[in-house]
Amino acid sequence: MPGPRHKRDRIKRHRAQDKGQESFQPDRFSRVALILERDHLQPRDLLIALDREPVEHTVSQALMQGEIRKAGACGALFGLVDPQFFGGVMEILRRVDSPYLPWAASRADLLLSRPLYALKSTIPPWILSRYSFAFLYRYYAAKR
């Protein structure tokens, strides 16, 4: 019969396994600002693409460019934008408004964040951080 010490050690091991390592994710504003800055995009152009570019076209273009697995981190942890871009970034955040946005790493990910969430709303974070949204969209669309 195990004693109280054995039980306490078992509880400690169980809690240590549950914790795991959580990596720091930039907030949604920083993520959008960093992608715009890194890819030299104008907020106005991204807003136009949100309105006019069909989802399948975005998926096809991203997959043709080889966006399947995501590269490392997006850049700095905190995005700073010029005052003229602030309104554009805020408008993108208002229009996209998806819980998958913190895992976006490219223009295509920004455009596909909302359609991917509408298609499959329960994708675990570890998958979102490893695969491009274009690949995930095509995968979950094929499963339907």
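Residues numbered from 1 in each chain as written. Predicted model: local features only at pLDDT ≥ 70, side-chain atom pairs only at ≥ 80, totals over all residues. Heavy atoms only, no water.

Caption draft 1: Region of the structure containing the packing of aromatic side chains. Summed over the entire model, instances satisfying the criterion amount to five aromatic pairs. Look at Phe29 and Phe86: their rings are 5.6 Å apart centre to centre, the planes differ by 45 degrees, and that puts the pair in the tilted class. You can see Phe29 sitting in helix H2 (residues 28-38) and its partner Phe86 sitting in helix H5 (residues 83-96), a full 57 residues away along the chain. Residues Tyr100 and Tyr117 carry aromatic rings whose centres are separated by 5.3 Å and whose planes lie at 85 degrees to one another, so their mutual orientation is edge-to-face. With Tyr100 in the loop between H5 and helix H6 (107-119) and Tyr117 in helix H6, this pair connects stretches of sequence that are 17 residues apart. You can call Tyr117 partly exposed: its relative accessible area is 34%. An aromatic cluster of at least three residues, connected via ring pairs, comprises Tyr100, Tyr117 and Phe133. (Phe/Tyr/Trp six-rings, centres within 6.5 Å; stacked < 30°, edge-to-face > 60°. Helix = DSSP H or I, 4+ residues; strand = E, 2+ residues; numbered from the N terminus. Buried < 20%, exposed > 50% of the residue type's maximum accessible area, 1.4 Å probe, protein only.)

Caption draft 2: Region of interest: the pattern of salt bridges. Taken as a whole and assessed by the stated rule, the structure comprises seven salt bridges. Linking Asp39 and Arg38 is a salt bridge whose minimum nitrogen-to-oxygen distance equals 3.0 Å. The class for Arg38 is partly exposed, based on a relative accessible area of 36%. Ionic pairing is found between Arg107 and Glu53, a salt bridge with its closest N-O pair at 3.0 Å. (Salt bridge = Lys/Arg side-chain N within 4 Å of Asp/Glu carboxyl O.)

Caption draft 3: Spatial organisation of the packing of H2 against H5. Packing of H2 against H5 brings their axes to within 10 Å, and their N-to-C directions diverge by 120 degrees. It follows that H2 is oblique to H5 by the angle criterion. The crossing of H2 and H5 is right-handed. Seen from H2, the contacting residues are Arg28, Phe29, Val32, Ala33 and Leu36; seen from H5, they are Phe86, Val89, Met90, Ile92 and Leu93. Among the residues making up the contact of H2 with H5, the classes are represented as nine nonpolar, no polar and one charged. (Axes fitted to C-alpha atoms, helices over the stretch in contact; angles between N-to-C directions. Parallel < 35°, antiparallel > 145°, perpendicular 65-115°, else oblique. Left-handed = near helix turned anticlockwise from the far one by under 90°. Contact = heavy atoms within 4.5 Å. Nonpolar A, V, L, I, M, F, W, Y, C, P; charged D, E, K, R; others polar.)

Caption draft 4: How the structure looks around the nonpolar core. The biggest cluster of nonpolar side chains holds 34 residues, and the ones touching the most others in it are Val32, Leu116, Leu128 and Phe133. Among the elements of the structure, H2, helix H3 (43-52), helix H4 (55-64), H5, H6, helix H7 (125-128) and helix H8 (133-143) are those that each provide at least two residues to this core. The contacts of Phe133, once residues within four sequence positions are left out, are Lys70, Tyr100, Trp103, Ala104, Asp109, Leu112, Ser113, Leu116 and Leu128. (Core = buried A, V, L, I, M, F, W, Y, C linked by side-chain atoms within 4.5 Å.)

Caption draft 5: Spatial organisation of the side chain of Ser98. By the secondary structure assignment, Ser98 is in the loop between H5 and H6. Using a relative accessible area of 2% as the deciding quantity, one classes Ser98 as buried. A distance of 3.1 Å separates a polar side-chain atom of Ser98 from the backbone nitrogen of Tyr100. Side chain to side chain, Ser98 and Ser113 meet in a polar contact 3.0 Å long. (Polar contact = N/O pair within 3.5 Å; in protein donor to acceptor, adjacent residues only side chain to side chain.)

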